Amino acid sequence: DFNSFVIRTNTCGELRSAHVGQEVTLYGWIQYQRQGLFLVLRDFQGLTQIVIPQDEEHSHVKKLLCNAPVESVVRVTGIVSPRPQGQENPKMPTGDIEVKAKTAEILNSCKKLPFEIKDFIKKSEALRMQYRYLDLRSFQLQHNLRLRSRMVMRMREYLCNLHGFVDVETPTLFKRTPGGAKEFLVPSREVGKFYSLPQSPQQFKQLLMVGGIDRYFQVARCYRDEGSRPDRQPEFTQVDIEMSFVDQAGIQRLIEGLLQYSWPEERGSITAPFPSMTYEEALAEYGTDKPDTRFGMKIVDVSDVLRGSDVQFVQKALSYPRGSVRAIRIPQGVKYLKNKDLESLKESAKSQFNQEVMEIICRPDGSLKSLLTKFLGEKQQSELAQVLNVQVDDVVLLAAGEHKQVCSALGSLRLLSADLLEAAGLALRDPTAFHFLWVVDFPLFLPKAENPTELESAHHPFTAPHPSDANLLYSDPAKVRSQHYDLVLNGNEVGGGSIRIHSAEQQRFVLEEVLKEDSKVLFHLLEALEFGAPPHGGIALGLDRLISLIVDAPSIRDVIAFPKSFRGRDLMGNAPDYVTPEELEPYHIQVSWPLEEKEAKKN
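This structure is a prediction, so every number in the text was calculated from the model and none was measured.

Engineer: What should I look at first to understand helix α11 (residues 339-353) in this one?
Structural biologist: Residues spaced three or four apart along an α-helix point in a common direction, a consequence of the helix completing one turn every 3.6 residues. Taking 1.5 Å per residue, 15 residues should reach 21 Å; α11 reaches 21 Å between its end C-alpha atoms and fits that length. Within the sequence span of α11, burial applies to Asp341, Leu342, Leu345, Lys346, Ser348 and Ala349. The buried residues of α11 occupy an angular sector of 150 degrees when the element is viewed end-on, so they sit on one face. Exposed residues on α11 whose side chains face more than 90 degrees from its buried face are Asn339, Lys340 and Ser351. Of the surrounding elements, those touching the buried residues of α11 are β13 (323-330), α10 (333-336), β14 (357-362), β16 (395-402) and α13 (403-423). Count one or two residues on from α11 and you reach Asn354, which has phi positive near 55 degrees.

Structure representation (structure tokens):
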């Protein structure tokens, strides 16, 4: 009941023909006013047309409403009437009626706006964020935030009411976690000691399992100091879940049920179980660990077809321990892609992945045109066309080299090609389709980028090894698969989790012997694992990303009430901001200013 506890009789979006003859009191913002005859009043639920009285008796009401600026807050009391025949508006839910104003009051006048409150008016994102409280009045943001609220409520119902989960709040001030993303530091009054803002409640949820909570969840605020990364936020929200005595299949079934239960009706239904593929399969077929399975153009291994060829770069690639030759087929590429598009794709592979790519074009007569084909016999060309299922006007992009590099480059080109094809008018990815996918069997460790002889956790140091690879952990940790699983939606990672290490001995070995980390930082967790820790596992869903995909928002900032800018700034409140030396003194901190900043601050 939207009208409980408040002084209006109705919202601006609920009046219909059934209300004709009733006296109503509405409160809202003036959307627009026309020729002194009527105005449209808006609130969170919709619009209502208000007829401005023209008779002498109500001249004061006319003057008040005609002079009120757009976006002023008003109260209007009047009688619901049917619109004159032919003046109904079928595009408005309230389009069959209007309210003839009897009395009105300006509750707050609006000064000149920095931009119009209309979804179709283009505004810079910086301006929208500076005046976020105005941007929030738009129908799109109202819709996004209300859908988010409904989904979270349904998730709570599913977890707490149907499956006995306990909603537990965990601390925001904690200590540094080894590995993973960079954390924000918070000074304390103890000299030289700092808190960290947790990048997730990972340790706490594991400790809750040691404490016998059995089933935990939380809509958790998380923090990562990742600097300027596109479409990331320094503070974000995840639906955090942990269970005792569970395996990977159990977590997956829980999440599938959770999403089916909370999924918005207006977005259709989703079917479970979701398909699953291993990390190696995802890399080999899509070139990424988060494949967009809404369209084809899979990566195809053509190593065997070209193995007997005289092509030098092919033979060189196949001589590597993990060398391969792979290709993607761009349907109707000749028709939809220009030469400059093909050049930009090849340049992208070169600049991002240091990978050379060669194109092959299928002519109208079915023959292949390429620098490569003059080194291939007719039989090899025919086999290549058959393996790739090449049709007339298709374009093939082929790469040779180390397996992971080749697949990653072609995976990137697959997505860029899809963007180009769609921009040229070929429908590839259904914007209304939702393709969920589980990706499993990730490596437990990866070589460090700065020193490939050392290992780092592929996800975090608490992930358990795959049962089949448990012995390799002590002899060849680089080959160990993990019990980690990611949930992917339309090529975006929307969740990730794992079965955890519940043995203190194994956890200590991973930290000290494999990752070369100081295990003293985690003494509390290691000690807890020695006091009868149950086997446990969990997952976290990225709520911001999930909602943005459901509402087809261009950015996660469009589903967060008060987001930060690309550089992590709050443009509305101008945060972060300077503090005085006096305010820093209790924390034993002094700011060392670069000379040019000292001068700027003086001025």
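Engineer: Before we go on, may I ask you to explain the packing of helix α7 (residues 279-286) against α13 in this structure?
Structural biologist: What describes two packed helices is the angle between their axes and the distance between those same axes. Between α7 and α13, the least distance of the axes is 7 Å, while the angle of their chain directions is 60 degrees. Between α7 and α13, the interaxial angle falls into the category oblique. Two secondary-structure elements touch here, α7 through Tyr279, Glu280, Leu283, Ala284 and Tyr286 and α13 through His403, Lys404, Cys407, Ser408, Gly411 and Arg414. Of the residues assigned to the contact of α7 with α13, the class counts are 5 nonpolar, 3 polar and 3 charged.

Engineer: Any chance you could explain the packing of aromatic side chains here in plain terms?
Structural biologist: Summed over the entire model, instances satisfying the criterion amount to 11 aromatic pairs. A ring pair is formed by Trp438 and Tyr485, whose centres lie 6.3 Å apart and whose planes are at 80 degrees; its orientation type is edge-to-face. Here Trp438, found in strand β17 (residues 436-440), pairs with Tyr485, found in strand β20 (residues 484-489); they are 47 residues apart in sequence, far enough to count as distant. Here Tyr485 falls in the buried class, since its relative accessible area comes to 0%. A connected cluster of aromatic rings, assembled from ring pairs, spans Trp263, Phe274, Phe434 and Phe436. Of note, Arg429 hangs over the ring of Phe295, and the distance from its end group to the ring centre comes to 5.6 Å.

Engineer: Teacher, can you tell me more about the nonpolar core here?
Structural biologist: One recurring pattern in soluble globular proteins: nonpolar side chains tend to sit buried together. Grouped together as the largest cluster of nonpolar side chains are 50 residues, with contacts concentrated most on Ile241, Ile255, Leu259 and Leu487. Top contributing element to this core by residue count: helix α4 (residues 139-162), with 6 residues. Beyond its immediate chain neighbours, meaning those up to four positions away, Ile241 contacts Leu159, Phe165, Lys205, Tyr216, Phe217, Leu254, Ile255, Leu258, Arg500, Gly538 and Ile539.

Engineer: Is there a simple way to think about the sheet that holds strand β22 (residues 536-542) in this case?
Structural biologist: Sheet strands pair via backbone hydrogen bonds, and the direction of the pair is either parallel or antiparallel. Spatially, the 8 strands line up as an open sheet ordered β6-β9-β10-β22-β21-β20-β17-β11, and their pairing is mixed. In this open sheet, the two strands that pair with only one neighbour each are β6 (166-167) and β11 (276-278). The pairing of strand β9 (residues 215-223) with strand β10 (residues 235-244) spans 9 bridges and is classified as antiparallel. The partner of Arg215 across the bridge, within β10, is Met243. Helix α6 (residues 248-262) contacts β10, β17, β20, β21 (492-499) and β22 of the sheet and is inclined by roughly 35 degrees relative to β22. Packed on one face of the sheet, α7 meets β11 and β17 and runs near 90 degrees to β11.

Engineer: How do you make sense of the environment of Arg148 when you look at a structure like this?
Structural biologist: Inspection of the secondary structure puts Arg148 in helix α4. Its relative accessible area of 14% is what places Arg148 among the buried residues. Separated by 399 residues in sequence, Arg148 and Ile547 place their C-alpha atoms 6.4 Å apart. Setting aside chain neighbours within four positions, we find Arg148 in contact with Thr237, Leu543, Asp544, Ile547, Val559 and Ile560.

Engineer: In this structure, what is going on with helix α15 (residues 504-514)? I would like to understand it.
Structural biologist: Turning to α15, its buried residues number three or more, namely Ala504, Gln506, Gln507, Val510, Leu511 and Val514. Against the buried residues of α15 lie β18 (445-447), β19 (455-457), α14 (472-475) and α16 (523-529). Trailing α15 by a residue or two, Lys516 shows a phi angle of about 55 degrees, which is positive.

Engineer: Could you clarify how one ought to interpret the environment of Val439 in this entry?
Structural biologist: Checked against the element boundaries, Val439 lands in strand β17. Given a relative accessible area of 0%, Val439 falls into the buried group. Residue contacts for Val439: discarding those within four places in its chain leaves Met277, Thr278, Tyr279, Ala282, Asp289, Pro291, His484, Tyr485, Asp486 and Val488.

Engineer: Is there a simple way to explain the pairing of strand β4 (residues 73-82) in this structure?
Structural biologist: Remark: a regular strand shows side chains that alternate across the two faces of the sheet. For β4, the tally of buried residues reaches 7 of 10 residues, placing the bulk of the element in the interior. The pairing of strand β1 (residues 23-34) with β4 spans 7 bridges and is antiparallel. Residue pairing across strands places Val24 opposite Gly78, the latter belonging to β4. As paired strands, β4 and strand β5 (residues 97-108) are joined by 10 bridges and run antiparallel to one another. Residue pairing in the sheet places Val74 in a bridge with Ile106 of β5.

Engineer: Is there a simple way to think about the side chain of Lys205 in this case?
Structural biologist: Assignment of secondary structure puts Lys205 in helix α5 (residues 202-210). A polar contact of 3.5 Å, which involves the side chain of Lys205, links it to the backbone oxygen of Ile241. Aside from chain neighbours lying at most four places away, what touches Lys205 is Tyr216, Asp240, Ile241, Glu242, Arg500 and Ile539.

What counts and what doesn't
Residues numbered from 1 in each chain as written. Predicted model: local features only at pLDDT ≥ 70, side-chain atom pairs only at ≥ 80, totals over all residues. Heavy atoms only, no water. Helix = DSSP H or I, 4+ residues; strand = E, 2+ residues; numbered from the N terminus. Expected span 1.5 Å × (residues − 1). Buried < 20%, exposed > 50% of the residue type's maximum accessible area, 1.4 Å probe, protein only. Arc of directions from axis to C-beta. Contact = heavy atoms within 4.5 Å. Axes fitted to C-alpha atoms, helices over the stretch in contact; angles between N-to-C directions. Parallel < 35°, antiparallel > 145°, perpendicular 65-115°, else oblique. Nonpolar A, V, L, I, M, F, W, Y, C, P; charged D, E, K, R; others polar. Phe/Tyr/Trp six-rings, centres within 6.5 Å; stacked < 30°, edge-to-face > 60°. Lys NZ or Arg CZ within 6 Å of the ring centre and 35° of its normal. Core = buried A, V, L, I, M, F, W, Y, C linked by side-chain atoms within 4.5 Å. Pairing = 2+ DSSP bridges. Polar contact = N/O pair within 3.5 Å; in protein donor to acceptor, adjacent residues only side chain to side chain.

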